[in-house]
Amino acid sequence: MRLSNVCLEGIGAVIPEEIWSSDQIEAELTPLYERLKLPQGRLELMSGIRRRRVWPEQTMPSGPSIRSGRHAIEAAGIDPQRIGCLIHASVCRDFLEPATASRVHHGLSLPRQCWVYDVSNACLGLINGAVQIAMMIQSGAIDAGIVVGTENSRPLIQQTIQTLNADTRLTRKSVKPAFASLTIGSGSCAWLLVHERLSRNGTPVEAAIAEARTEFHDLCRSDDDAGAAMQPLMETDSERLMAEGIATGASALEQLLEETGWNRAQIDRSICHQVGVRHQAAMLDAMGLPLDRDCVTYPDLGNTGSVALPLTLAAAAARGELSTDDRIAMLGIGSGINSVMIAATWGDCRVAGNIDSLAQV
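Attention in this report is confined to the structure presented alongside it.

Reading the values: rules and limits
Think of each chain on its own: its residues are numbered from 1, step by step along the sequence as written. Only residues with pLDDT of 70 or above have their local features reported here, since the model is predicted, and side-chain atom pairs are shown and tallied only from 80 upward, although totals for entire chains, interfaces and linings are computed over all residues. Note that the side-chain values use all heavy atoms of the structure and ignore hydrogens as well as water. In this text, helices come from DSSP runs of H or I with a minimum length of four residues, and strands from runs of E with a minimum of two, each type numbered from the N-terminal end. Only centres within 6.5 Å qualify two rings of Phe, Tyr or Trp (six-membered ring in Trp) as a pair; their planes then separate them into stacked at under 30 degrees, edge-to-face at over 60, and tilted for everything else. Geometrically, a lysine NZ or arginine CZ counts as sitting over a ring once it is within 6 Å of the ring centre and also within 35 degrees of the ring normal. Using a 1.4 Å probe on the protein chains alone, a residue whose accessible area is under 20% of its type maximum counts as buried, one over 50% counts as exposed, and one in between counts as partly exposed. The directions considered for the arc are those from the helix axis to the C-beta atoms. Two residues form a contact once any of their heavy atoms are found within 4.5 Å. Lines fitted to C-alpha atoms define the axes here, with helix axes fitted over just the stretch in contact, and angles between the N-to-C directions of these axes take values from 0 to 180 degrees. Any angle that is under 35 degrees is reported as roughly parallel, and any over 145 degrees as roughly antiparallel; angles of 65 to 115 degrees are reported as roughly perpendicular and all others as oblique. By definition, any crossing whose near helix is turned counterclockwise from its far helix by less than a right angle is left-handed, and any crossing with a clockwise turn is right-handed. When residue character is reported, Ala, Val, Leu, Ile, Met, Phe, Trp, Tyr, Cys and Pro are called nonpolar, Asp, Glu, Lys and Arg charged, and the others, Gly included, polar.

A separate point is unusual backbone geometry. Geometrically, the link from Glu97 to Pro98 is a cis peptide bond, its omega value of 0 degrees lying close to zero. Following the sequence through the fold, Pro98 ends up in the loop between strand 4 (83-88) and helix 5 (100-108). If you check the backbone angles, Gln58 has positive phi at about 70 degrees while not being a glycine.

Written out as structure tokens, the structure reads:
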């Protein structure tokens, strides 16, 4: 799908202050590690993730989402009354109902005529939301829209540690599906998109594509999302999920190149979903893209789910890794398996939030 009049105008980003290192998590898993004689350092060695951040206890996703949304509006310098759609798109949400977007909409004081709803699609939620808003702008239905989400890894990590330490039936083989849960991090991000006539020096969004290989929907699943508590246990067939996800992503990139008319050499910066070091290397190799042009945050933020790719774009901008007119390929992949990819040409899209912290990850 080609887009001709949509710009990414502002990004809001908030990351928590509290840091949990992989070494700390392994220390919490001492009963399991001693029982199975697992070597220390395994978690960072396997994932390349040194640390991840967590929100304070009892944090509701809507709180950081409101802050990220305010930062995105500030960065864009737009009148909030021009915003015609708000989508909350993270895996984590306040309750099963009403939509978390309702509280965020109220917190941002957006107009009553605004479309307000939640979108959920594993690690692709924010990218899906951005494409929906872009389509609404392209069609003339709205002038501007904001997609936002907040992922909260604290309950998942705590519940995983508790379960692994308590289950004495686990073996080295049977414990593997749970390790992916220990790589999850927390963060919040918002993208504000506008019609080009409202843009000062935004980033034109040129194309978006989707590819679905849902025959692999059962490779990663969460068994319970219980409202605000959000304490699921995840089971992940990591090896097969990575293999099939990479195959899906490589095929989806071909679609993106065809849609844009770009070739691989013309992609100045790539941003993949932030899973870990093995996934990054294998994905870029399969896609024929160089490692040195890829932007990452996973070593210091972990896998932040639906906000991983949007936050990495924000971090790349904060670190000065993006230059005007850079062609950027945003390569989203999520369990399901689905892939959504966006092509954009970097302009002067502003980023606001705790930028100093973000620039250091």
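Once that is clear, we can look at the packing of aromatic side chains. Evaluation of the coordinates by the stated rule reveals 0 aromatic pairs. Here the guanidinium or amino end of Arg42 rests over the ring plane of Phe179, the centre of that ring lying 5.3 Å away.

Attention shifts here to helix 10 (residues 277-287). His279, Gln280, Met283, Leu284 and Met287 are the residues of helix 10 that are buried. One side of helix 10 carries all its buried residues, which in axial view fall inside an arc of 115 degrees. Positioned one or two residues after helix 10, Gly288 has a phi angle of 75 degrees, which is positive.

Here the focus is the environment of Asn201. In this fold, Asn201 is placed in the loop between strand 7 (187-195) and strand 8 (203-212). Residue classification places Asn201 among the partly exposed positions, given a relative accessible area of 48%. With 164 residues separating them in the primary sequence, Asn201 and Lys37 have C-alpha atoms 56 Å apart. Once residues within four sequence positions are removed from consideration, Asn201 is found in contact with Glu9, Gly347, Asp348 and Cys349.

This next bit is on the packing of helix 4 (residues 62-76) against helix 5. At a minimum axis distance of 9 Å, the contact between helix 4 and helix 5 shows a crossing angle of 45 degrees. Viewed along their axes, helix 4 and helix 5 adopt a mutual orientation that is oblique. Crossing geometry of helix 4 relative to helix 5 is assigned as right-handed. Facing helix 4, whose interface residues are Ser62, Gly63, Ser65, Ile66, Gly69 and Arg70, helix 5 presents Thr100, Arg103, Val104, Gly107 and Leu108. A breakdown of the residues in the contact of helix 4 with helix 5 according to their chemical character gives 3 nonpolar, 6 polar and 2 charged.

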